[in-house]
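# Structural description and commentary
Residue-level listing of the chains:
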Amino acid sequence: MSAQLQINDPKIKPIETFRDDFTYSNSPEAIRRFPFPFHEDKYMYSVNIEPHNVGPAGSVFAPAFDIDEHYLSEIEERRRVLEEDPGRCAVLPHMMEAQWDTLELLMTSLARDYPQHFKLERNGDRWTWENRLLGIKDTFTFDDASTLPYEPFEYITRQVQGDFTLHGQRNNMLYMDGGMVTCQADWSLQFDLGMDFYEWHGPVPKAHEMGIFERALKYLLNLQVGQPVRRLNWTMTVHPRMDTSPENYHKWGIDRSQVTADNVGELAHLRVELQSLFRLPRSNAIIFSIRCYLISLNELVTVPKWARRFHRVHKSLPPELADYKGFSGYQPYVIDFLSQYDDGAPTSPGTQPD
Amino acid sequence: MSHPAHIPVRVANVETVTPFVKTFTFEPRNGATLPRFSAGSHVVVTMPGDERPYRNPYSLMSSPFELDYYQVSVRREDEGRGGSLYMHERVSIGDELDISAPTNMFALHPLARRHLLIAGGIGITPFLAQLHELERMQADYQMHYAFRNQDNAAFHDYLQDHYSDHLHCYESDNGVTLNPARLLADQPLGTHLYVCGPKGLLEAVTDTARRLGWPESCIHYEEFAAPPVGKPFTVELAKSGRSLEVAGSATVLETLEQAGLEPNCLCRGGVCGECETVVLEGDIDHNDHFLSDEVKASNERMMICVSRARSERLVLDL
Amino acid sequence: MIEGIKSRPVYSDLRPDLDGSHHLLVAEGAGAEALVRFCHAWDAAGDPDADYDILYHPDEDRRWIGTVNELAREAVAVFVNRVGLESVLARRLAAARMGLRLYVAGSEGFIWRVVAIAREAGLSEDAIQKERCGTQARPVSCVHCKTIADDVTTNVYQCPGCGLHVFVRDHFSRLLGAYQSVCVDAENPGELPEIEEVYA
């Protein structure tokens with residue numbers, strides 16, 4: 001009953017790009033395991049939190065932290081973003097304990113779920129970490145940051161796909177006390193650092209009135225060690241661009257005006273975030289993993305059920321939401337494009353391809 | 001997450017610390033190590049009682065860096081509902097119990113410049129774990145420990161041996177009492193206060209702090225409400241139409257669990273808020289530390305782990 | 001633009017908080033108005049045993065100096081520059097005890113500078129009252145180059161750091177003590193909205 005049988009054994013692609021020439025694409029296998037987020041043929045807002053680290057064999061939900069064919073590409077993209085703007089990784093000084101917690105959680109999870117790629121040996125405080133995909137083998141002393149080339153949080157999150165934020169818990173509140181954020185959907189870690197839960201969600205429309213954040217906060221304050229939870233979020237991105245940060249908005253904002261009826265299938269991407277939350281045991285902090293998946297409309301319509309459903313979701317989407325998510329300008333092209341693939345036939349329950 | 005994972009443990013040691021207090025050492029039964037935890041955490045211990053299981057929260061007092069065992073200390077409460085008596089009289093070395101994963105409702109504040117810890121009697125237990133952490137952090141801290149006499153001064157010698165530079169003891173039978181006003185009036189900015197112990201001490205200290213102008217964000221306390229014994233009453237579950245009798249020594253939560261239901265819950269001490277339940281009819285006798293006075297007065301919500309009914313029946317939105 | 005952003009700070013009139021055991025008032029420029037109101041309220045309701053101190057920097061607005069000096073002679077220190085005020089404030093806070101209440105009045109830039117000094121000294125924010133007086137000008141941090149512009153009065157300004165035209169949002173960072181600004185013409189380069197004095 002070894003856990004790894006449940007886990008995807010990804011064939012890692014050579015490095016592709018998320019900028020300039022945009023060579024990123026999904027293999028047919030990657031398309032089939034894409035976390036398509038819509039359960040119904042219309043848009044429904046829900047917080048939909050469920051237990052994480054459980055899911056069908058090979059799915060993105062089965063491992064604690066999903067490693068897929070884009071591993072090398074995303075690690076390289078992260079390196080390039082940090083090279084240009086080192087501030088994308090920042091942790092407040094009181095979070096050192098949570099940094100080590102993160103390192104331990106990520107190393108033990110990856111070594112358990114992907115033993116072919118990652119290996120962790122622990123001899124008391126002397127740990128040896130081997131990442132065969134990146135050719136890394138380092139021996140260090142747990143709890144002694146001077147024995148690592150970076151601080152522990154940056155060291156390990158430079159080796160894992162997806163953004164991470166660290167949240168200290170005090171006075172019945174969660175704070176944005178750190179993060180590694182290089183593939184974010186339009187929010188700035190450097191600006192939001194130190195904010196409380198309500199402040200960093202400040203710009204999200206409507207949800208405050210609905211009491212959603214009060215309930216979500218209470219839920220998260222009681223999150224248990226060893227019982228991670230997850231939810232999916234989505235938006236649209238032009239080009240397979242990981243770094244849609246506000247920091248670089250002046251560089252990528254122009255993309256939105258370049259979508260046409262002819263190129264929408266290639267340029268417009270569904271961007272899904274698999275967001276998972278883990279309580280960290282020693283620091284009592286929470287780590288929030290935001291794992292980003294991108295799929296072009298051309299790739300998405302290779303699954304007929306998704307093409308039909310995504311068309312219907314777009315048609316029923318409230319306009320203010322399309323505005324907030326930033327795709328209202330080119331949404332008519334998206335709907336026109338998808339309508340070619342929607343024959344009106346019913347779709348089967350669930351999100352899986354037929 | 002509303003049903004905390006259970007960790008199977010074996011009782012590796014039982015030690016009588018004072019005439020009223022025993023310390024229990026738990027080892028993992030499956031051979032692995034125990035989860036790391038943060039200082040101030042508690043676990044809920046499940047004991048297989050004769051009529052129903054007892055489930056009591058106890059602070060972890062062992063070092064957070066020790067993953068081979070956990071330790072808790074239990075004060076014998078002869079007037080209680082039976083959990084502490086069960087631990088004292090029925091649990092011995094080799095016994096197998098289940099505990100929950102550690103949960104922290106009483107963490108050290110990471111931005112504090114100084115930590116002022118005040119314990120009364122058995123309230124010393126969460127501080128034992130925190131002292132390990134404070135030493136490791138080389139933090140500025142003081143441990144103030146008030147007790148009646150040596151029979152009620154659990155771990156006094158241990159504290160004296162390990163933390164004498166930081167320890168201040170107050171033995172009331174010797175006429176030495178803690179004066180909260182004197183202690184709290186002259187503390188530097190950035191001091192955080194932590195109190196655990198009997199209700200009287202807890203209220204005296206926190207009231208004094210507020211009177212002296214300590215900001216609420218710097219005042220921390222842990223007071224698990226032991227569910228009081230009361231008169232029996234009936235709970236009706238509006239959604240399922242079921243009706244259950246709550247015995248004088250049982251809680252609503254336990255009664256629901258006995259009936260095979262799995263209501264959300266976590267700390268079982270009226271602290272965490274997880275078991276908050278909407279009440280449709282009946283008068284609530286609140287015993288928790290979670291709901292605001294305003295919500296309590298509305299008579300619309302209750303924490304079913306500790307609160308009871310004043311009326312003969314309660315109708316819950318379950 | 002999204003209304004009601006929760007990170008936008010809320011300011012309110014300074015009022016004696018008699019739960020405090022020591023009281024320190026810090027003001028700049030038009031913040032003197034708040035000092036005057038505070039002192040009257042104190043005289044009306046104050047605890048005769050308690051006392052307060054005032055640190056005041058007139059800035060360019062010198063018409064309040066006389067009024068401030070008359071408030072409570074011994075308790076007032078008036079500074080010729082902000083740096084002087086800041087260093088005395090830091091020294092006072094280093095010697096302060098739990099129970100201190102800090103009251104700040106002035107522009108947003110001044111308020112958050114004082115809050116940063118207080119945070120550095122270990123004072124928690126629930127012991128601080130803040131009242132914005134005089135100018136509505138905002139300290140703003142450019143999200144692209146991180147340059148903080150001190151007194152922005154318009155909806156859109158040209159960032160002195162990177163030269164982009166940026167729009168001032170209501171999103172506010174207490175740690176930076178600044179609002180956020182974001183490129184206004186990223187999707188249509190060169191198309192600027194009308195620039196208006198909205199934070200005069």
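Because the structure is a prediction, the values reported are computed rather than measured.

Looking now at the environment of Cys142(C). Residues and elements named next belong to chain C. Mapped onto the secondary structure, Cys-142 falls in strand E6 (residues 138–142). Residues Cys-142 and Ser-181, 39 residues apart in the sequence, show an inter-C-alpha distance of 4.9 Å. Contacts of Cys-142, omitting those with residues within four sequence positions, involve Thr-147, Tyr-157, Cys-159, Cys-162, Val-166 and Ser-181.

Taken together, the 24 residues of chain A in the interface contact 24 residues of chain C. For the pairing of chain A and chain C, the buried interface totals around 1900 Å² over both sides, and the portion due to carbon and sulfur atoms is 67%. Its largest share of buried area at the contact with chain C, chain A owes to Phe191(A), Glu199(A) and Pro203(A), together 33% of the area lost on that side. Summed over the shared surface of chain A and chain C, the result is three salt bridges. Between Glu247(A) and Lys146(C) there is a salt bridge, with its nearest N and O atoms 3.3 Å apart. Looking at the side of chain A that touches chain C, the elements with two or more residues in it are helix H5 (189–192), helix H6 (197–200) and helix H8 (249–252) of chain A. The leading source of residues in the side of chain A that touches chain C is H5(A), at three residues. The class makeup of the residues in the side of chain A that touches chain C is ten nonpolar, nine polar and five charged.

What follows concerns the interface of chain A and chain B. Contact with chain A, which involves 19 residues of that partner, is made by 27 residues of chain B. In this assembly, chain A packs against chain B so that about 1900 Å² is buried in total across both faces, 50% of it on carbon and sulfur atoms. The largest contributions to the chain A side of the interface with chain B come from Asn222(A), Gln224(A) and Arg282(A), which together make up 29% of the buried area. Taken together, chain A and chain B are joined by three salt bridges. With its nearest N and O atoms 3.0 Å apart, the salt bridge here joins Glu97(A) to Arg136(B). Our count for the contact surface shared by chain A and chain B stands at ten residue pairs in polar contact (both at pLDDT 80 or more). Breaking the side of chain A that touches chain B down by element, the ones donating at least two residues are helix H3 (96–113) and helix H7 (212–221) of chain A. Considering only residue class, the side of chain A that touches chain B consists of six nonpolar, seven polar and six charged.

Before going further, it helps to spend a moment on the domain arrangement of chain C. Interfaces are often described in size by the accessible area the parts lose on coming together. Residues and elements named next belong to chain C. What the domain assignment lists for chain C is domain 1 (22–132) and domain 2 (138–183). For domain 1 and domain 2, the distance between their C-alpha centres works out to 27 Å. Contact residues are listed per partner, giving six residues for domain 1 and seven residues for domain 2. Among the residues domain 1 hides against domain 2, the three largest losses belong to Glu-108, Trp-112 and Arg-119. Together they make up 74% of the total. Where domain 1 touches domain 2, the interface holds one salt bridge.

The two faces of a sheet get side chains in turn, since along a regular strand they alternate between them. Residues and elements named next belong to chain C. In terms of burial, strand E1 (residues 22–28) is largely enclosed, as six of its seven residues are buried. As defined by bridge partners, E1 adjoins strand E4 (residues 100–106) across six bridges and the pair is classed as parallel. By the bridge assignment for E4, Leu-24 is matched with Leu-102. Pairing analysis gives six bridges linking E1 to strand E2 (residues 52–57), with the strands arranged parallel. Bridged to Glu-28 within E2 is His-57.

Another aspect to go through is the sheet that holds strand E10 (residues 286–296) of chain A. Residues and elements named next belong to chain A. Taken in spatial order, the seven strands line up as E1-E8-E9-E10-E6-E7-E2 in an open sheet, and their pairing is antiparallel. Of all strands in the sheet, those bounded by a partner on one side alone are strand E1 (50–51) and strand E2 (89–91). Pairing geometry for strand E9 (residues 268–279) and E10, over eleven bridges, is antiparallel. If you follow Phe-278 over to E10, its bridge partner there is Ile-287.

A surface patch of negative charge is lined by Asp59(C), Glu60(C), Asp150(C) and Asp151(C). With respect to the helices, strands and loops of the structure, Asp59(C) is situated in the loop between E2 and helix H2 (65–71).

This brings us to the environment of Gly326(A). Residue and element names in this part refer to chain A. On the secondary structure map, Gly-326 appears in the loop between helix H12 (319–325) and helix H13 (331–339). On the basis of relative accessibility, which here comes to 17%, the residue Gly-326 falls in the buried class. Along the backbone, Gly-326 and Arg-256 are 70 residues apart, and their C-alpha atoms lie at a distance of 8.6 Å.

Under the UniProt annotation, the feature "domain: Dimethylamine monooxygenase subunit DmmA-like C-terminal" (unreviewed entry) is placed at residues 140–182 of chain C. For residues 140–182 of chain C, the end-to-end C-alpha separation is 10 Å, with 0% helix and 58% strand making up the annotated structure.

What follows concerns helix H2 (residues 71–84) of chain A. Spanning 14 residues, H2(A) covers 20 Å between terminal C-alpha atoms, matching the ideal 20 Å at 1.5 Å per step. Three or more residues of H2(A) are buried, namely Tyr71(A), Ser73(A), Glu74(A), Ile75(A), Glu77(A), Arg78(A), Val81(A) and Leu82(A).

This part is about the state of the cysteines. Residue and element names in this part refer to chain A. Under the criterion given, the structure shown has zero disulfides over all chains. Between Cys-183, a free cysteine, and Cys-292, which holds the nearest cysteine sulfur, the sulfur-to-sulfur gap is 5.6 Å. Residue Cys-183 is classed as buried on the basis of its relative accessible area of 7%.

Scanning the entire structure with this criterion turns up 68 salt bridges over all chains. With a shortest N-O distance of 3.6 Å, Arg10(B) and Glu96(B) are connected by a salt bridge. Placement of the pair is Arg10(B) in strand E1 (residues 6–16) and Glu96(B) in strand E6 (residues 96–100), with a sequence separation of 86 residues. Take Arg10(B): its relative accessible area is 30%, and that puts it in the partly exposed class. Note that Arg114(B) is salt-bridged to Asp140(B), the shortest N-O span being 3.2 Å. Remark: Asp140(B) occurs in the loop between helix H2 (125–137) and strand E9 (141–147) and Arg114(B) occurs in strand E8 (residues 114–120); sequence separation between them is 26 residues. In the salt-bridge network here, residues are joined through shared partners; they are Arg33(A), Asp66(A), Asp68(A), Glu74(A) and Arg291(A).

Okay, the sheet that holds strand E14 (residues 243–246) of chain B next. All names here are of chain B. With mixed pairing, the five strands of this open sheet are ordered in space as E14-E13-E19-E15-E17. Two strands close off the open sheet at either side, each with one partner strand: E14 and strand E17 (301–303). The mean angle between the axes of side-by-side strands here comes to 40°, regardless of whether they run parallel or antiparallel. As paired strands, strand E15 (residues 276–281) and strand E19 (residues 313–316) are joined by two bridges and run antiparallel to one another. From the neighbouring strand, Glu-281 faces E19, where its bridge partner is Val-315.

Conventions and cut-offs
Residues numbered from 1 in each chain as written. Chains lettered and ligands numbered in written order. Predicted model: local features only at pLDDT ≥ 70, side-chain atom pairs only at ≥ 80, totals over all residues. Heavy atoms only, no water. Helix = DSSP H or I, 4+ residues; strand = E, 2+ residues; numbered from the N terminus. Contact = heavy atoms within 4.5 Å. Buried area = accessible area lost by both parts, 1.4 Å probe. Salt bridge = Lys/Arg side-chain N within 4 Å of Asp/Glu carboxyl O. Nonpolar A, V, L, I, M, F, W, Y, C, P; charged D, E, K, R; others polar. Polar contact = N/O pair within 3.5 Å; in protein donor to acceptor, adjacent residues only side chain to side chain. Domains from an automatic or database assignment. Buried < 20%, exposed > 50% of the residue type's maximum accessible area, 1.4 Å probe, protein only. Pairing = 2+ DSSP bridges. Patch = residues over 30% accessible without salt bridge, like charges linked within 9 Å, V, L, I, M, F, W, Y side chains within 5 Å. Areas by Shrake-Rupley, 256 points an atom, 1.4 Å probe, with all protein chains shown as cover. Lys, Arg positive; Asp, Glu negative; His and termini not counted. Charge placed at Lys NZ, Arg CZ, Asp CG, Glu CD. UniProt positions renumbered as here; feature names shortened; annotations may be inferred. Expected span 1.5 Å × (residues − 1). Disulfide = S-S within 2.5 Å. Axes fitted to C-alpha atoms, helices over the stretch in contact; angles between N-to-C directions.

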